Amino acid sequence: MEQITLGSGCFWCTEAVFSRLKGVESAVSGYSGGHKTDPTYQEVCTGSTGHAEVVQVTFNEKVVTLEEILEVFWKTHDPTTLNRQGNDVGTQYRSAVFYHNDKQQEVATTLKNKLDASGAWPDPIVTEITPFEKFYPAEDYHNNYFEENGMQPYCQFVVAPKVEKFKQVFKEKLK
């Protein structure tokens, strides 16, 4: 199994997408990239901890490659908006790849450069590619949030459309 830690806005959205991808063993919501030890959701939401909301993705590379993981990552959020995704604004919502080894750094950097050069988005990609240091799991109620709270307005208007788009674009890669 391999792990990579990804920030693409609200972790409820990111986890809901990656938990449906074939080859992903787990997608755990949490915090990474900051300076505060054991941050809480309330602290991270202030933007003062330096952490991003992330999902630590554990995957079987024999089933889903790192390249495929990163393709899903880039196609399911807007990597051109600095410190925001939609109405979620702040450094905690930044686009980030926290790589766990040199291969992940190389692949992420290469793919980011290719995507930027392709003009896939009208603006430059601002995704940070940073060495992984520490992952702090989010409070229990954040995991499987969409599955357990799908009728809440945020889930209906933000998470559900992302999940539906993912299911359409990546239908052959669904569990």
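See the structure printed just above.
All figures in this text were calculated on a predicted structure; none of them were measured in a lab.

A.B. asks: What am I meant to see in the sheet that holds strand 3 (residues 52-59) here?
C.D. replies: Strand pairing within a sheet occurs via backbone hydrogen bonds; the two strands may be parallel or antiparallel. Strand order in the open sheet formed by six strands is 7-6-1-3-2-8, and the pairing between neighbours is mixed. Only two strands of the sheet have a single partner each, and these edge strands are strand 7 (128-131) and strand 8 (135-137). Across the sheet, the axes of successive neighbouring strands diverge by a mean angle of 35°, strand direction being ignored. Relative to strand 3, strand 1 (residues 2-8) is paired through five bridges, and the arrangement is antiparallel. Looking at strand 3, one finds that Ile4 is bridged to Val57. On the sheet, helix 1 (residues 11-18) packs against strand 1, strand 2 (24-32) and strand 3 and is oriented at approximately 170° with respect to strand 2.

A.B. asks: Is there a simple way to explain the pattern of salt bridges in this structure?
C.D. replies: Any two side chains of opposite charge can pair, so long as their charged atoms come close to each other. A full pass over the atoms with the stated rule returns eight salt bridges. Measuring nitrogen to oxygen at the nearest pair gives 3.6 Å for the salt bridge that ties Lys36 to Glu43. Looking at Glu43, the relative accessible area reads 26%, which means it is partly exposed. Its salt-bridge partner being Lys167, residue Glu164 comes within 3.5 Å of it at the nearest N-O pair.

A.B. asks: Explain unusual backbone geometry here, please?
C.D. replies: Most peptide bonds take the trans form, and the phi angle of most residues other than glycine is negative. Phi is positive for Asp38, which is not a glycine, with a value near 50°. Examined against the element boundaries, Asp38 turns out to sit in the loop between strand 2 and helix 2 (41-45). The exposure class of Asp38 is exposed, given its relative accessible area of 55%. Even without being a glycine, Asn83 presents a positive backbone phi close to 60°. Locating Asn83 in the fold gives a position in the loop between helix 3 (66-75) and strand 4 (84-85). Residue Asn83 is classed as partly exposed on the basis of its relative accessible area of 23%.

A.B. asks: Could you clarify how one ought to interpret helix 6 (residues 153-169) in this entry?
C.D. replies: Within an α-helix, residues lying three or four positions from one another point in the same direction, as the helix has 3.6 residues per turn. In this model helix 6 runs 24 Å from its N-terminal to its C-terminal C-alpha over 17 residues, within 8% of the 24 Å that 1.5 Å per residue would give. Inspection of helix 6 places Cys155, Val159, Ala160, Val163 and Phe166 among the buried residues, and these make up the whole buried set. Lining the buried residues of helix 6 we find helix 1, helix 3 and helix 5 (145-149).

A.B. asks: What am I meant to see in the nonpolar core here?
C.D. replies: Soluble globular proteins: nonpolar side chains tend toward being buried together. Formed by 39 residues in total, the largest nonpolar core has its most connected members in Ile4, Leu6, Phe18, Val57, Ile69 and Leu70. Membership of the second largest hydrophobic core comes to five residues, among which are Ala52, Ala96, Phe98 and Phe135.

A.B. asks: For this particular structure, what's the right way to read the environment of Gly23?
C.D. replies: You can see Gly23 is positioned in the loop between helix 1 and strand 2. With 37 residues separating them along the chain, Gly23 and Asn60 place their C-alpha atoms 5.3 Å apart. In contact with Gly23, not counting residues within four places along its chain, are Thr58, Phe59, Asn60, Val63 and Val64.

A.B. asks: Just checking my understanding: could you explain the packing of aromatic side chains for this structure?
C.D. replies: Where two aromatic rings form a pair, the distance of their centres and the angle of their planes describe that pair. If you walk through the whole model with that rule in mind, you get six aromatic pairs. Aromatic pair Trp12 and Tyr145: ring centres 3.7 Å apart, planes at 5°, arrangement stacked. In this pair, Trp12 sits in helix 1 while Tyr145 sits in helix 5, placing the two residues 133 residues apart along the sequence. For the ring pair Phe73 and Trp74, a centre distance of 5.3 Å and an interplane angle of 65° mean the geometry is edge-to-face. By the burial criterion, Phe73 is buried, and Trp74 matches it. Ring-pair connections join several aromatic residues into one group, and the members of that group are Phe11, Tyr31 and Tyr41.

Criteria and thresholds
- Residues numbered from 1 in each chain as written.
- Predicted model: local features only at pLDDT ≥ 70, side-chain atom pairs only at ≥ 80, totals over all residues.
- Heavy atoms only, no water.
- Pairing = 2+ DSSP bridges.
- Helix = DSSP H or I, 4+ residues; strand = E, 2+ residues; numbered from the N terminus.
- Axes fitted to C-alpha atoms, helices over the stretch in contact; angles between N-to-C directions.
- Contact = heavy atoms within 4.5 Å.
- Salt bridge = Lys/Arg side-chain N within 4 Å of Asp/Glu carboxyl O.
- Buried < 20%, exposed > 50% of the residue type's maximum accessible area, 1.4 Å probe, protein only.
- Expected span 1.5 Å × (residues − 1).
- Core = buried A, V, L, I, M, F, W, Y, C linked by side-chain atoms within 4.5 Å.
- Phe/Tyr/Trp six-rings, centres within 6.5 Å; stacked < 30°, edge-to-face > 60°.

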